Amino acid sequence: MKIKVDYLVCEANAVCMGLAPEVFEVDDDDQLHVLLPEPPPEMMDRVRHAVRSCPKAALSLEENPQE
């Protein structure tokens, strides 16, 4: 799975960072950075929770074609 961000919608509320800090980071300029765009399987439950919890629905997951 690959994380997609709609940066036009994202408000950098940092909800995702609070739920999966190894994957998401909001910097001092309120910009979201995806640290692991293709998280390992053991992180996917938390990543899915973070994606569902985004208050602006700016995050999504897409299947990798090679999987």
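Residues numbered from 1 in each chain as written. Predicted model: local features only at pLDDT ≥ 70, side-chain atom pairs only at ≥ 80, totals over all residues. Heavy atoms only, no water.

As a reminder of what qualifies: UniProt positions are given in the numbering used here, feature names are shortened, and annotations may be inferred rather than shown by experiment.
An unreviewed UniProt entry annotates the protein as Ferredoxin of Planomonospora corallina. Here the protein is described in UniProt, under the heading Cofactor (unreviewed entry), as follows: "[3Fe-4S] cluster".

### Considering unusual backbone geometry
Short version of the rule: For the exposure calls, accessible area comes from a 1.4 Å probe over protein chains only, and a residue counts as buried if that area is under 20% of its type's maximum, exposed if over 50%, partly exposed in between.
Even without being glycine, Asp 30 reaches a positive phi, approximately 60°. On the accessibility criterion, Asp 30 (52% relative accessible area) is exposed. Its identity is not glycine, yet Ala 57 carries a phi of approximately 55°, on the positive side.

### Thoughts on the pairing of strand E1 (residues 2-5)
Heads up, the condition is: Secondary structure elements follow DSSP: runs of H or I of four or more residues count as helices, runs of E of two or more count as strands, with numbering from the N terminus. Strand pairing is assigned whenever DSSP identifies at least 2 bridges connecting the two strands.
Burial along E1 is one-sided: the face carrying Ile 3 and Val 5 is buried and the face carrying Lys 2 and Lys 4 is not. Sheet topology places E1 next to strand E4 (residues 59-62); four bridges connect them, and they run antiparallel. Pairing of Ile 3 across the sheet is with Leu 61, part of E4.

### Structural notes on the environment of Ala 57
Take Ala 57: it is sitting in the loop between helix H2 (44-53) and E4. Residue Ala 57 is classed as exposed on the basis of its relative accessible area, which comes to 61%. When the C-alpha positions of Ala 57 and Cys 10 are compared, they lie 7.9 Å apart, and in sequence the two are 47 residues distant.

### Quick notes on empty space enclosed by the protein
Condition: Lining residues are defined by having an atom within 4 Å of a point belonging to a cavity or pocket. Those points lie on a 1 Å grid over the protein atoms alone, cavities being sets where a 1.4 Å probe fits but cannot get out and pockets being open sets with protein on both sides within 12 Å along at least five of seven lines. Grid points are joined across faces, edges and corners, and a volume is the space filled by probe spheres set on the points. As a working rule, the residues Ala, Val, Leu, Ile, Met, Phe, Trp, Tyr, Cys and Pro are called nonpolar, Asp, Glu, Lys and Arg charged, and the rest polar, with Gly in that last group.
Tallied over the full model, the rule gives one cavity of 30 Å³ or more. In this structure, the largest cavity occupies an estimated 80 Å³ of space. Along its surface, the largest cavity is lined by Cys 10, Glu 11, Ala 12, Asn 13, Ala 14, Val 15, Cys 16, Leu 32, Cys 54, Pro 55 and Leu 59. For the lining of the largest cavity, the residue count by class is nine nonpolar, one polar and one charged.

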